[in-house]
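For reference, the chains in residue letters:
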Amino acid sequence: MPYKGEFASKTSHSEFLKNPEVEAFLNGCTYLTPPSDEECQSLADRFVAPLESDAKLPSFIIAIDGSNYEASIDDKLPSTKVGYIKIGAVLIDLEQFGALRVGKFVDPFKVADLQNNNSALTFSVPSANIRWGNKPTVRESFRALVDQQFCGIRTRFNETDPKTSLRSTLFYLASRRPGELGTNSDARRLKIHKCPECGAGPVEVQDNPEQQYCSFCHAEVYPTDCLRIWEEVQDYQSNQVAISRLMLILEHIIPIHYMHYLYNSAPLLLSGMAFFVDDPLAVFGNAAWLHRSIMIFLQEVNRKLAKNHCLPLLVIGLQKTGQVVDHVALINRFVPNNRLVAIDDDYRYKYILAGREASHNGFGYETYYGQDFIYKTPTGRSFVFALPYPYSSKDEAGINFVQEKTKFENYPQLPVAIKLITKLESDLYENAVVPIALAHHYTAISLEPGGKVLDLLTKKALNA
Ligand SMILES: [Zn+2]
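As a starting point, this report considers the structure included with it. (Residues numbered from 1 in each chain as written. Predicted model: local features only at pLDDT ≥ 70, side-chain atom pairs only at ≥ 80, totals over all residues. Heavy atoms only, no water.)

1. A closer look at unusual backbone geometry
Quick reminder of the rule: Strands here mean DSSP runs of E at least two residues long; helices mean DSSP runs of H or I at least four residues long; both are numbered from the N terminus. Under the scheme applied here, a residue whose accessible area is under 20% of the maximum for its type counts as buried, over 50% as exposed, and between as partly exposed, the area being computed with a 1.4 Å probe on protein chains only.
With an omega of -5 degrees, the peptide bond between Gly201 and Pro202 qualifies as cis. The topology assignment puts Pro202 in the loop between β6 (189-192) and β7 (203-206). Backbone geometry places Asn129, a non-glycine residue, at a positive phi of 65 degrees. Relative to the elements of secondary structure, Asn129 occurs in the loop between β5 (121-126) and α5 (138-150). In this model, Asn184 sits at a positive phi of 50 degrees, which is unusual for a non-glycine residue. Here Asn184 lies in the loop between α6 (166-175) and β6. Residue Asn184 is classed as exposed on the basis of its relative accessible area of 77%.

Right, here's the structure in full:
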């Protein structure tokens, strides 16, 4: 125990390294080492120049960005915590300048307003030592609140209609789920794999706002229990893991919520739009099943667009951090400008995930719904982005998915994606938050499902 005014010396990493036991431990570990210059060169040789394209850029972008925060509710009670998640969704009009501009200049207050996410969807959840309502545990409070907010007025496209809520979009995704936990496309019901109270299952619930009960033990159950975030919620410890998990899920299903709404109201409008998600296109953890439903939904939309001779949906998962981004930093100086590569499994397991056992079914079989690309623009800025896989299933008959997923020609929206990233590159490069980056030069409007912006867009499309 240090005396007042005296700080305990922090043992540094280098001091640990001098310890023979630590040294022995590190020698026994397998980890990624930077590739040699020769390896970098041979990796760089895999990059090719992207095809020139005269494809039309999308008129609108919807960019989604999440952030989360766990806080003590009082300095005197540091172990009593709440969690907040903000999901900002911004509509960028690529053709129109104006809303954020005052004369020739961007209005800094309006950009700041977007930055503060004042109009973002906010989710509040109890964390350590907090119960809500009359719920006996943190976990039950967490479950009830998540469900309430998924169904809440702010997530509805039509305030008076709960069927337009984010929770109904979740029912929709769950109905596309293959296997015995799906409902054969019946989006009025949903199956929870097991009751959080008695453990029996599956438990079926209906898409209506009334309280639902377990058919086995009659405890209260919630449709959003199917996301299984509650399994990671603790009563007395930080719930940062569960809070981050919920945020990541929201970052993927909120864009689907918008797409689903437009798909039902003005599907062809989707062809002229781009969605930016700021992650790889993948859902991890207990809710990973969503990735399959998302694949199925995107193919459903694309089939409809194709029937009407429209380009497929453009969904771009832009990654600013992570293992692939680290890898790009290592090889970047060997890659010429204006080059593109699709990361195949050999490449990934050898140079990005070295030491990890290759998945039998291919990388990301249980989690990913999109393919990662590395693109270096003609001016030399590098981006890691993903596009949705062009299939509804990785086991589609007659295709070798692991091979097909890396072929450029299977991604008709690839040239537009490249063109769009090139157009926006300086903004995207400088600011890690896509909506904010784009707001500096384009008209940006904060979106929330209950807002009328999408209605206007829809009307515009219907009259066109
Ligand atoms: Zn039960």
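Once you've had a look at it, read on.
2. Some remarks on the coordination of the zinc ion
Worth spelling out the cut-off: Keep in mind that water is not among the atoms, so a site may look incomplete; donors are the N, O and S atoms within 2.8 Å of the metal, or 3.2 Å for Na, K and Ca. The geometry test gives tetrahedral to four donors whose angles all lie between 85 and 135 degrees, gives square planar to four donors and octahedral to six donors whose opposite members are over 155 degrees apart with all other angles between 65 and 115, and gives irregular to the rest.
Protein-derived ligands of the zinc ion are Cys195 (SG), Cys198 (SG), Cys214 (SG) and Cys217 (SG), with the metal-ligand distances lying across 2.3 Å. Coordination at the zinc ion comes from four donor atoms whose angles at the metal span 105 to 115 degrees, giving a geometry best classed as tetrahedral. When the donor residues of the zinc ion are listed from N- to C-terminus, their spacing reads C-x2-C-x15-C-x2-C. Judged by relative accessible area, Cys198 falls into the partly exposed class, the value being 37%.

3. What about the packing of helix α7 (residues 240-265) against helix α8 (residues 290-307)?
Inclusion rule: Axis definition: a line fitted to C-alpha atoms, limited for helices to the stretch in contact. Angles are taken between N-to-C directions and run from 0 to 180 degrees. By definition in this entry, angles of less than 35 degrees are roughly parallel, angles greater than 145 are roughly antiparallel, angles of 65 to 115 are roughly perpendicular, and the rest are oblique. Should the near helix be turned anticlockwise from the far one by less than a right angle, the crossing is termed left-handed; should it be turned clockwise, right-handed. In what follows, a contact means two residues having at least one pair of non-hydrogen atoms within 4.5 Å. Note on residue classes: Ala, Val, Leu, Ile, Met, Phe, Trp, Tyr, Cys and Pro are nonpolar, Asp, Glu, Lys and Arg are charged, and everything else, Gly too, is polar.
For the pair α7 and α8, interaxial distance at closest approach is 11 Å and the crossing angle is 25 degrees. By the angle between their axes, α7 is roughly parallel relative to α8. Considering the relative orientation of α7 and α8, their crossing is left-handed. Contact with α7, carried on its side by Ile249, His252, Ile253, Ile256, Met259, His260 and Tyr263, involves Leu290, Ile294, Phe297, Leu298, Glu300, Val301 and Lys304 of α8 and no other residues of that element. Its residues placed into classes, the contact of α7 with α8 shows 10 nonpolar, two polar and two charged.

4. A closer look at the packing of α6 against α8
The packing of two helices is summarised by the inter-axis angle and the distance between the axes. Between α6 and α8, the least distance of the axes is 8 Å, while the angle of their chain directions is 90 degrees. Viewed along their axes, α6 and α8 adopt a mutual orientation that is roughly perpendicular. Here Leu170, Tyr172 and Leu173 of α6 lie close against α8, whose contacting residues are Leu290, Ser293, Ile294, Phe297 and Glu300. For the contact of α6 with α8, the residue count by class is six nonpolar, one polar and one charged.

5. A short note on the nonpolar core
Put simply, the rule is: Among buried residues, the Ala, Val, Leu, Ile, Met, Phe, Trp, Tyr and Cys ones that are joined through side-chain atoms within 4.5 Å form a nonpolar core.
Core analysis: the largest hydrophobic core is formed by 124 residues, its most contacted members being Ile61, Phe150, Leu227, Phe276, Leu290 and Phe385. Once residues lying within four places of it in the same chain are set aside, the contact partners of Ile61 are Val90, Leu91, Ile92, Leu94, Ala274, Phe276, Leu420, Leu424 and Leu438.

6. Digging into the pattern of salt bridges
Spelled out, the test is: By salt bridge we mean one thing: a side-chain nitrogen of Lys or Arg within 4 Å of a carboxyl oxygen of Asp or Glu.
By the definition in use, this model includes 17 salt bridges. Asp147 serves as the salt-bridge partner of Arg167, at 2.6 Å between the closest nitrogen and oxygen. Pair noted here: Arg167 is in helix α6 and Asp147 is in helix α5, with a separation of 20 residues, a long-range link. Neither Arg167 nor Asp147 differs from the other in exposure class; each is buried. With a shortest N-O distance of 2.6 Å, Glu231 and Arg228 are connected by a salt bridge. Here the salt bridges share partners, and the residues they tie into one network are Asp186, Arg188, Arg189 and Glu204.

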